[in-house]
Amino acid sequence: MTQVDKASRKPCIALMGEFSAGKSTLANLLIGSDPLPVQVIATQLPPVWISHGDAPAFRVDLDGNQFAIDLDNLAEAPLDETAYIKIFCDEELLLQCDLLDMPGISDPNMSSEVWQRMISKADGVLWCSHATQAWRQSEAAVWASLPPDLYQRSLLLLTRIDKITSERDRQKLIRRVRAETEGLFLQCLPISLLQATAEQDDYDVWLKSGAEDFAKHLVDLLHSLSEDGAVGPEGQSLPEAAKPLRISGLVAPDSAPAPPPAPAPQTAAPQIMPRRVRLSPSPQDRACARDGAPGRPS
Ligand SMILES: Nc1nc2c(ncn2[C@@H]2O[C@H](COP(=O)(O)OP(=O)(O)O)[C@@H](O)[C@H]2O)c(=O)[nH]1
Ligand SMILES: [Mg+2]
């Protein structure tokens with residue numbers, strides 16, 4: 001798997017980790033809208049495969065049969081009879097890749113088969129690990145059981161980093177997890193999904209949330225997957241299909257960092273600061289409108 005034989009479709013990025021690690025929050029952040037319920041405690045969802053488009057949602061049973069499903073009531077899908085739910089969103093990121101929001105890896109109420117049977121669809125993984133209890137044995141064991149060719153196609157995200165308030169503790173944690181996962185991921189990155197989602201107006205908070213750094217690495221990952229043979233819409237290679245790659249939900253706030261306080265001579269032309277920090281330079285507009293106000297899931 002995860003080789004060029006998947007060239008007929010966009011790369012599929014699976015979101016994995018323990019229950020409540022932030023997978024659905026991350027999916028919503030990436031897409032830039034909220035198709036996925038977060039913190040569904042009483043009722044668990046099977047894997048949710050998110051693709052670009054506006055077709056109605058359906059579920060696929062273990063024999064490959066499709067059944068219409070109400071997007072507002074995804075939890076009605078019977079877990080033991082559903083391989084996955086397929087939903088469609090008309091959002092920019094999904095022009096570059098599909099997302100696969102997986103159930104928690106060690107949920108006592110759900111057999112691991114539910115996500116194991118979907119792992120072969122993944123070209124790369126964004127693994128979410130609670131910063132406050134990062135990289136538990138259960139996570140390490142599951143990751144070790146997955147195909148090693150995923151390792152260099154995957155990012156480890158230390159989510160809820162906002163819960164660790166001391167900078168010293170953060171650095172200590174990051175050092176420990178990076179040491180324990182060396183060679184197992186492309187990068188290990190701290191991120192506050194909550195702040196990245198809610199603080200869309202403050203560049204400093206955005207930067208501190210880890211969203212900018214993550215966005216850069218994700219763009220790199222999508223580029224490298226496309227070089228490995230996955231293709232974009234209508235058979236174009238991904239870089240051709242969408243230049244530059246942009247992450248719909250991961251858009252830095254308008255407020256650029258303040259210019260250095262250098263006193264300009266009176267005759268100098270006024271300095272023009274970029275209004276917006278881009279993930280990659282582009283003359284195009286970035287009207288990837290977030291459909292809604294900040295402060296989405298909490
Ligand atoms: N403080 C904080 N809360 C988060 C963060 N990421 C997710 N959450 C919260 O954690 C809860 C579970 O998130 P969810 O995305 O449903 O987790 P999932 O089970 O992995 O899909 C929700 O209440 C989120 O708002 C984060 O980075 N910081
Ligand atoms: Mg979830």
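Look up: the structure comes first, before these words.
All residue numbers refer to position in the chain's written sequence, counted from 1. For this description, chains carry letters from A and ligands carry numbers from 1, given in the order in which they are written. With pLDDT at 70 or above as the cut-off, local features in this predicted model cover only qualifying residues; side-chain atom pairs require 80 or more to be listed or tallied, and sums for whole chains, interfaces and linings still use all residues. In computing side-chain properties, one takes all heavy atoms of the structure into account and sets aside hydrogens as well as water.

Looking at this structure, how should I read the overall build of the chain?
Every helix listed is a DSSP run of H or I at least four residues long, and every strand listed is a run of E at least two residues long, numbered separately from the N terminus. Along the backbone of the chain there are 8 helices and 9 strands. Put simply, the chain has 298 residues, and 51% of those count as buried. Residue contacts are counted whenever heavy atoms from the two residues lie within 4.5 Å of one another. Partitioning the contacts of the chain with sequence separation of at least 6, the portion at a separation of at least 24 is 74%. In these tables, accessible area is a Shrake-Rupley quantity obtained with a 1.4 Å probe, and a residue counts as shielded only by the protein chains included in the view. A total accessible area of about 14200 Å² is found for the chain, and carbon and sulfur atoms account for 51% of it. Working definition: with a 1.4 Å probe on protein chains only, accessible area under 20% of the residue-type maximum means buried, over 50% means exposed, and in between means partly exposed.

I keep staring at the packing of aromatic side chains and nothing clicks. Help me out?
Think of a pair of aromatic rings as described by two things: how far the centres are apart, and how the planes are tilted against each other in angle. The criterion for an aromatic pair is that two Phe, Tyr or Trp rings (for Trp, the six-membered ring) have centres within 6.5 Å, with stacked assigned to planes under 30 degrees apart, edge-to-face to planes over 60 apart and tilted to the rest. Counted according to the given criterion, the structure contains 7 aromatic pairs. Ring plane angle 45 degrees and centroid distance 6.1 Å describe the contact between Phe 58 and Phe 88, whose orientation is recorded as tilted. Taken together, the residues Phe 58 in strand S3 (residues 58-61) and Phe 88 in strand S5 (residues 82-89) connect sequence positions 30 residues apart. When its relative accessible area of 17% is taken as the criterion, Phe 58 is described as buried. Taken together, a centroid distance of 5.5 Å and an interplanar angle of 85 degrees make the contact between Trp 135 and Phe 185 edge-to-face. Taken as a pair, Trp 135 in the loop between strand S7 (124-130) and helix H3 (137-145) and Phe 185 in the loop between helix H4 (167-180) and strand S9 (187-190) lie far apart in primary sequence, 50 residues in all. When sorted by exposure, Trp 135 lands in the same class as Phe 185, which is buried. One aromatic cluster in this structure is built from Trp 127, Trp 135, Trp 143, Tyr 151 and Phe 185. Either the NZ atom of lysine or the CZ atom of arginine qualifies as a charge over a ring when it sits within 6 Å of the ring centre and within 35 degrees of the ring normal. Over the ring of Trp 49 we find Lys 86; its NZ or CZ atom is 4.3 Å from the centre of that ring.

Mind showing me how you'd approach the nonpolar core here?
Most often, soluble globular proteins keep nonpolar side chains buried together rather than apart. By size, the foremost hydrophobic cluster in this structure holds 38 residues, and its most contacted members are Ile 13, Leu 26, Leu 30, Ile 50, Leu 99, Leu 126 and Phe 214. By residue number, the principal contributor to this core is helix H7 (residues 211-227), which donates 6 residues. When sequence neighbours within four positions are dropped, the list of residues in contact with Leu 126 reads Ile 13, Ala 14, Leu 15, Met 16, Leu 26, Leu 30, Leu 155, Phe 214 and Leu 218. Among buried residues, the Ala, Val, Leu, Ile, Met, Phe, Trp, Tyr and Cys ones that are joined through side-chain atoms within 4.5 Å form a nonpolar core. By size, the runner-up hydrophobic cluster in this structure holds 34 residues, among which are Val 125, Leu 146, Ile 164 and Leu 173.

How do you make sense of the sheet that holds S7 when you look at a structure like this?
Backbone-to-backbone hydrogen bonds pair the strands of a sheet. The strands run either parallel or antiparallel. Ordered in space as S4-S3-S5-S2-S6-S1-S7-S8-S9, the 9 strands form an open sheet in which the pairing is mixed. In this open sheet, the two edge strands, each paired with only one partner strand, are strand S4 (66-68) and S9. Averaged over all adjacent pairs, the angle separating strand axes in this sheet is 25 degrees, with direction ignored. Two strands form a pair only when DSSP identifies at least two bridges running between them. Bridge count between S7 and strand S8 (residues 154-159): 6 bridges; the pairing is parallel. The residue of S8 that forms the bridge with Cys 128 is Leu 157. Note on method: axes are straight lines fitted to C-alpha atoms, helices fitted across the in-contact stretch only, with angles between N-to-C directions ranging 0 to 180 degrees. Docked against the sheet, H7 engages strand S1 (12-17), S7, S8 and S9, running at close to 160 degrees with respect to S8.

What is the right way to look at the environment of Asp 72 in this model?
For Asp 72, the position within the fold is in the loop between S4 and S5. According to the relative accessible area criterion, Asp 72 is exposed, its value standing at 72%. For the pair Asp 72 and Ala 57, spaced 15 residues apart in the sequence, the C-alpha separation amounts to 9.8 Å.

I'm lost on unusual backbone geometry in this one. Help?
Across the chain, the bulk of peptide bonds are trans and the bulk of non-glycine residues have phi less than zero. Positioned with a positive phi, Trp 135 is a non-glycine residue whose angle comes to about 55 degrees. Of the residues examined, Trp 135 reaches a relative accessible area of 7% and is grouped as buried. One non-glycine residue, Arg 160, lies in positive phi territory at about 60 degrees. Mapped onto the fold, Arg 160 is located in the loop between S8 and H4. Judged by relative accessible area, which is 30%, Arg 160 ranks as partly exposed.

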